[in-house]
Amino acid sequence: MSVHTKKLIKNAYRITRDRDITALRIRVPGGHLPVEYFDIIKEVAQKYGNGTVHITTRQGFEVPGIPMEMVDKVNRLIAPILKGLEKDIGVQVNDEEIGYPAAGTRNVSGCIGNRVCPFANYDTTDLALKLERIIYPNDYHVKIAVSGCPNDCIKAHMQDIGVLGQVEPLYNPDRCISCGACVDNCHKRSTGALTMVNYRVERDEKRCLGCGECVLTCPNSAWTRGSNYYRVVIMGRTGKKNPRIARTFLEWVSEDTVLKVVANMYDYIEKHIDRRLPKEHVGYIVDRTGLNVFKDEVLKEAELDAKAKVAQFIDFGRYFYDRNQM
Amino acid sequence: MGYQMSTVEFNNVISKLLLDYRILAPVCLEGKGTFSGTDLVTYGDIERIQDVVFDRKTVYSAKEAVFPPSETMFYFTEEEFKQPSVDQKGILVFARPCDINAFKRLDAIYLESGPYPDPYYLQLREKLKFVLMECDHGFKNCFCASMGTNETSDFSLLVRSEGDQIFCLINDTGFEDLISESLASNSIRKVDLQPGFVQRNKTRLQIPDKLDNSLFSHPLWQEYASRCTGCGRCNFSCPTCSCFTMQDLFYRDNPSCGERRRVWASCMIEGYTEMAGGQEVRKTQGERMRFKVMHKFSDFKKRFGFHMCVGCGRCDDVCPEYISLPRCVQKLQEIKNGGVR
Ligand code: SF4
Ligand code: SF4
Ligand code: SF4
Ligand code: SF4
Ligand code: SF4
């Protein structure tokens, strides 16, 4: 059987352990799926696959057991998914009848965010869709995830780009009855950025994470939500070579800045990727160029407001599989 | 006398009123809700009738107009002290029947319970006049009809909003000329207008007529000990909770000057009954709940002849632990009837 494996993989199918059998990966940007698409996924699995789906860690569906010769038929069947979840949100899909146009840049995953979660500081799915529009389709191997707050339930710290929601808490002393609940809670759950001075609460802006816990805690709305901001953590990864958790690159930046930085990162990859390798993960490119080159290039034309903070250096720490065991 | 006019015309009325009054009404503060993507409906200053939220209940009550969460009583230096000056304008508050009736409770506490009326409360209360907002069918958790607070005649104006039309009833001789002074005479339309009051709520209570000490150690309260987190939201939203505590603070730059404030206190927050030496009368949230219920539905009435609670249901609306005060009272009644043990 003749199969152009590169084309197959780019089409979001894989080479599996079973000869001639492939598996399809369906993207669900932001991890929030209108249930009508279940019917299509079910049909693909029943008609062409082995009747099961795997729920992926990136919040997509992987449909295994598909004979490679069925790929064209499967692609036609999933056309409504490409239309509804990609084309209609503004992703450039030229022909939705021929399957996914790329697979390198992975599904943007997101925690459930403020559509449900009380801790969230923004609509994570909405941001995931905006990111998807910018980065997909693309062959570069990039993983992005967005969390509603620093609890980071989606594990954005394991991604190339992780986005965590921040909110600026605004204090109205006239509503504060000095109960101390916010101070106590910030110490216990977050960073200890609050102190009670003269029956009023003071916030150490340098320490504050923007988690919004104080807003959630205050029984009298003395703390309310100001503008939304984002923390961007970068170059976290798992894998065989030098896994590590992502570190903060930006804090208190706007949504526009997040989108700009991500768009710029693709130009950075384009410029610096080692083309002798079959693929090079962006984290390893940053390891080679150093943070400063990355920083200059991704922040090009990004408007940072006065609150924004940019990491001056990043120490990723060390973790090697083969050096920490006897 | 009742009048009908467009919202544009009614805004002329409001402009006229604003010359002499601060006008407070339910407003929607976008994005100011506790949770991201939610709004806060609460009392705020308005300048146009479109600012008023008619179809939702406020989280906090109108009591803030005369009993602010934090109020400076006086500023002091070594030798002297000075009371802050008070805005000369009157205060007009858009309020529903339960909220207007709540002021009768606050009046009892601040004006009638001691040998002298509380001067801080009095100076604002004297300025206060009500604009009645009717309730179509009440909201979730309201039980005003059970408390007899669903009706009131204590209002200067009634304002009803229907589409782009405003209906306004003048119920106060002081405002008799308001309409003729605000609108051109040929556009004045008189209509027959009667205030409508809710007669039934979904939540109905029968208040046990004798809530006595036999319930003091009933296991019912233990449930609340484990459920209530003692956050105080139920008190801060309540239009009849009136407790406060004193704060003397000394300015950091010059500790010989400072101010004395009074700020809201909550009987549900730990420390409320703490005395010098650290002894605390009520130690568990169950005991605190018991105190609150007894106060709202028994002890207050013994003193003033009517219940403290006006059945606005806010305490139920805002409790993050879904503790319902009316449900608690229903349980007490069931116990009295031999139901819940
Ligand atoms: S990361 Fe925050 S917002 Fe997202 S699900 Fe977890 S707690 Fe909620
Ligand atoms: S936002 Fe979070 S870290 Fe900042 S003060 Fe509030 S609770 Fe503390
Ligand atoms: S929780 Fe609210 S009322 Fe209590 S001290 Fe903090 S700001 Fe003040
Ligand atoms: S106790 Fe609850 S229902 Fe009664 S007046 Fe207070 S907030 Fe309203
Ligand atoms: S609002 Fe609920 S949890 Fe908070 S103090 Fe009141 S009853 Fe307890």
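Cut-offs applied
Residues numbered from 1 in each chain as written. Chains lettered and ligands numbered in written order. Predicted model: local features only at pLDDT ≥ 70, side-chain atom pairs only at ≥ 80, totals over all residues. Heavy atoms only, no water. Helix = DSSP H or I, 4+ residues; strand = E, 2+ residues; numbered from the N terminus. Rg over C-alpha atoms; globule rule 2.2 N^0.38 Å. Buried < 20%, exposed > 50% of the residue type's maximum accessible area, 1.4 Å probe, protein only. Contact = heavy atoms within 4.5 Å. Lys, Arg positive; Asp, Glu negative; His and termini not counted. Charge placed at Lys NZ, Arg CZ, Asp CG, Glu CD. Salt bridge = Lys/Arg side-chain N within 4 Å of Asp/Glu carboxyl O. Polar contact = N/O pair within 3.5 Å; in protein donor to acceptor, adjacent residues only side chain to side chain. Domains from an automatic or database assignment. Buried area = accessible area lost by both parts, 1.4 Å probe. Axes fitted to C-alpha atoms, helices over the stretch in contact; angles between N-to-C directions. Parallel < 35°, antiparallel > 145°, perpendicular 65-115°, else oblique. Left-handed = near helix turned anticlockwise from the far one by under 90°. 1 Å grid on protein atoms, 1.4 Å probe; cavity = no way out; pocket = protein on both sides within 12 Å on 5 of 7 lines; lining within 4 Å. Points joined across faces, edges and corners; volume = space filled by probe spheres on them. Nonpolar A, V, L, I, M, F, W, Y, C, P; charged D, E, K, R; others polar. Expected span 1.5 Å × (residues − 1). Near = heavy atom within 4 Å. Phe/Tyr/Trp six-rings, centres within 6.5 Å; stacked < 30°, edge-to-face > 60°. Lys NZ or Arg CZ within 6 Å of the ring centre and 35° of its normal. Pairing = 2+ DSSP bridges.

Trainee: Before we move on, could you go through the overall build of chain B and cite the residues and values that matter?
Mentor: The helix and strand inventory of chain B stands at 10 helices and 12 strands. Whereas a compact globule of 341 residues would reach a radius of gyration of roughly 20 Å, chain B reaches 22 Å, a difference of no more than 12%. Over its C-alpha atoms, taken along the principal directions, chain B stretches across nearly 70 × 60 × 45 Å. Burial statistics for chain B: of 341 residues in total, 54% are counted as buried. A separation threshold of at least 6 residues defines the contact pool for chain B, and within that pool the share at least 24 residues apart is 73%. Charge centroids of chain B, computed over 43 positive and 45 negative side chains, lie 7 Å from each other.

Trainee: Break down the interface of chain B and chain A for me, citing the residues and quoting the values.
Mentor: Taken together, the 26 residues of chain B in the interface contact 28 residues of chain A. Scanning the region where chain B abuts chain A turns up two salt bridges. One salt bridge connects Glu64 of chain B with Arg175 of chain A, and the closest N-O pair in it is separated by 2.8 Å. The interface formed by chain B and chain A holds 16 residue pairs in polar contact (both at pLDDT 80 or more) in total. Of all the secondary structure elements, the ones that give two or more residues to the side of chain B that touches chain A are helix H7 (233–237), strand E11 (244–250) and strand E12 (258–264) of chain B. Among the elements that make up the side of chain B that touches chain A, the one with the highest residue count is E11 of chain B (four residues).

Trainee: Lay out the domain arrangement of chain A in plain terms, naming residues and giving numbers.
Mentor: Residues and elements named next belong to chain A. Per the domain assignment, the segments of chain A are domain 1 (5–98), domain 2 (109–165 + 229–325) and domain 3 (167–228). Taking the mean C-alpha position of each, domain 1 and domain 2 sit 26 Å from one another. If you look at the interface, domain 1 gives 12 residues, while domain 2 gives 16 residues. Roughly 1,300 Å² is buried in total at the junction of domain 1 and domain 2, and carbon and sulfur atoms are behind 52% of that figure.

Trainee: Tell me about the packing of helix H6 (residues 220–227) of chain B against helix H10 (residues 325–336) of chain B, and please be specific about residues and values.
Mentor: All names here are of chain B. Two elements in contact, H6 and H10, have axes separated by 11 Å at closest approach and are oriented at 160°. Looking at the two axes, H6 sits roughly antiparallel to H10. With respect to the hand of their crossing, H6 and H10 are arranged in right-handed fashion. Touching Leu220, Trp221, Glu223 and Tyr224 of H6 are Cys328, Lys331, Leu332 and Ile335, all from H10.

Trainee: Tell me what's going on with the layout of surface pockets, and back it up with residues and numbers.
Mentor: The calculated volume of the largest pocket comes to roughly 1,600 Å³. Surrounding the largest pocket, 45 residues form its lining, Phe35, Arg233, Val318, Cys319 and Pro320 of chain B being those nearest its centre. Per-element accounting of the lining of the largest pocket gives the leading share, five residues, to helix H6 (residues 181–189) of chain A. Looking at side-chain class alone, the lining of the largest pocket contains 19 nonpolar, 13 polar and 13 charged residues. Volume-wise, the second largest pocket comes out at about 960 Å³. What lines the second largest pocket is a set of 36 residues, among which Asp174 of chain A together with Arg22, Glu64, Pro68 and Pro69 of chain B lie closest to the centre. Of all the secondary-structure elements, those providing two or more residues to the lining of the second largest pocket are strand E2 (21–29), strand E3 (40–45), strand E4 (70–76), strand E6 (90–95), helix H3 (119–125) and E12 of chain B. A per-element tally of the lining of the second largest pocket places E3 of chain B first, with four residues.

Trainee: Tell me about helix H1 (residues 7–18) of chain B, and please be specific about residues and values.
Mentor: Look at H1 of chain B: 16 Å from first C-alpha to last across 12 residues, which is about the 16 Å you get at 1.5 Å a residue. The complete set of buried residues in H1 of chain B reads Thr7, Glu9, Phe10, Asn11, Val13, Ile14 and Leu17 of chain B.

Trainee: Please set out the site of ligand 1 residue by residue, giving values where relevant.
Mentor: Looking at ligand 1, the residues that line it are Cys111, Cys117, Phe119, Ala120, Ser147, Gly148, Cys149, Asn151, Asp152 and Cys153 of chain A. Residue composition of the shell around ligand 1, grouped by class: six nonpolar, three polar and one charged.

Trainee: Which residues make up the side chain of Ser147 of chain A, and what values go with them?
Mentor: All names here are of chain A. Looking at the secondary structure, you find Ser147 in strand E5 (residues 144–147). Accessibility expressed as a relative area gives 0% for Ser147, which makes it buried. Polar contacts involving the side chain of Ser147 include one to the side chain of Asp152, which spans 2.7 Å.

Trainee: Kindly report on the site of ligand 5, identifying the contributing residues and their values.
Mentor: What surrounds ligand 5 is the set Cys228, Thr229, Gly230, Cys231, Gly232, Arg233, Cys234, Met268, Cys319, Pro320, Glu321 and Ile323 of chain B. Tallied by class, the residues present in the shell around ligand 5 amount to seven nonpolar, three polar and two charged.

Trainee: So what's going on with the environment of Tyr110 of chain B? Which residues, and what values?
Mentor: All names here are of chain B. If you trace the backbone, Tyr110 turns up in helix H2 (residues 97–112). Taking relative accessible area as the criterion, Tyr110 reaches 5% and is therefore assigned buried. If near-sequence neighbours (up to four positions away) are discounted, Tyr110 is found in contact with Phe67, Tyr116, Pro117, Asp118, Tyr121, Ser242, Phe244 and Arg262. From its side chain, Tyr110 meets the backbone oxygen of Ser242 in a polar contact 2.6 Å long.

Trainee: Give me the lowdown on empty space enclosed by the protein, citing residues and values where you can.
Mentor: Residues and elements named next belong to chain B. Scanning all chains against the criterion turns up nine cavities of 30 Å³ or more. It is H2 that contributes the most residues to the lining of the largest cavity, three residues altogether. Considering only residue class, the lining of the largest cavity consists of 12 nonpolar, four polar and four charged.

Trainee: Could you give me a rundown of the packing of aromatic side chains, with the residues and numbers involved?
Mentor: Taken as a whole and assessed by the stated rule, the structure comprises 19 aromatic pairs over all chains. Arranged with centres 5.6 Å apart and planes meeting at 70°, the rings of Tyr229 of chain A and Trp252 of chain A form a pair that is edge-to-face. In this pair, Tyr229 of chain A sits in strand E9 (residues 223–234) while Trp252 of chain A sits in strand E10 (residues 247–253), placing the two residues 23 residues apart along the sequence. In this structure Trp252 of chain A comes out as buried when scored by relative accessible area, which is 5%. Judged by centre distance (5.9 Å) and plane angle (45°), the ring pair of Phe67 of chain B and Trp264 of chain B falls under tilted. With Phe67 of chain B in the loop between E3 and E4 and Trp264 of chain B in strand E12, the pair connects residues that are 197 residues apart, well separated along the chain. Judged by relative accessible area, which is 2%, Phe67 of chain B ranks as buried. Residue class for Trp264 of chain B comes out buried when judged on its relative accessible area of 2%. Taken together, Phe67, Tyr110, Tyr121, Phe236, Phe244 and Trp264 of chain B form an aromatic cluster joined through their ring pairs. Between Arg237 of chain A and the ring centre of Tyr284 of chain A, over which it is positioned, the NZ or CZ distance is 3.9 Å. Taking NZ or CZ as reference, Arg290 of chain B lies 3.4 Å from the ring centre of Phe216 of chain B, over its face.

Trainee: Just give me the short version of the side chain of Arg261 of chain B, but keep the residues and values in it.
Mentor: Within the element layout of this structure, Arg261 of chain B appears in strand E12. Engagement of the side chain of Arg261 of chain B in a polar contact is seen with the side chain of Glu259 of chain B, the distance being 3.2 Å. Dropping the residues within four chain positions of it, Arg261 of chain B is found in contact with Asn198, Tyr199 and Arg200 of chain A together with Ser70, Glu71, Thr72, Met73, Thr245, Met246, Gln247 and Leu249 of chain B.

Trainee: Which residues make up the sheet that holds strand E1 (residues 21–26) of chain A, and what are the values?
Mentor: All names here are of chain A. One open sheet accounts for three strands, arranged E1-E3-E2; its pairing is antiparallel. Only two strands of the sheet have a single partner each, and these edge strands are E1 and strand E2 (54–55). As paired elements, E2 and strand E3 (residues 61–67) share two bridges and run antiparallel to each other. Across the sheet, residue Ile55 finds its bridge partner in E3, namely Phe61. The sheet contacts of helix H2 (residues 36–47) involve E1 and E3, and relative to E3 the element is tilted by about 30°.

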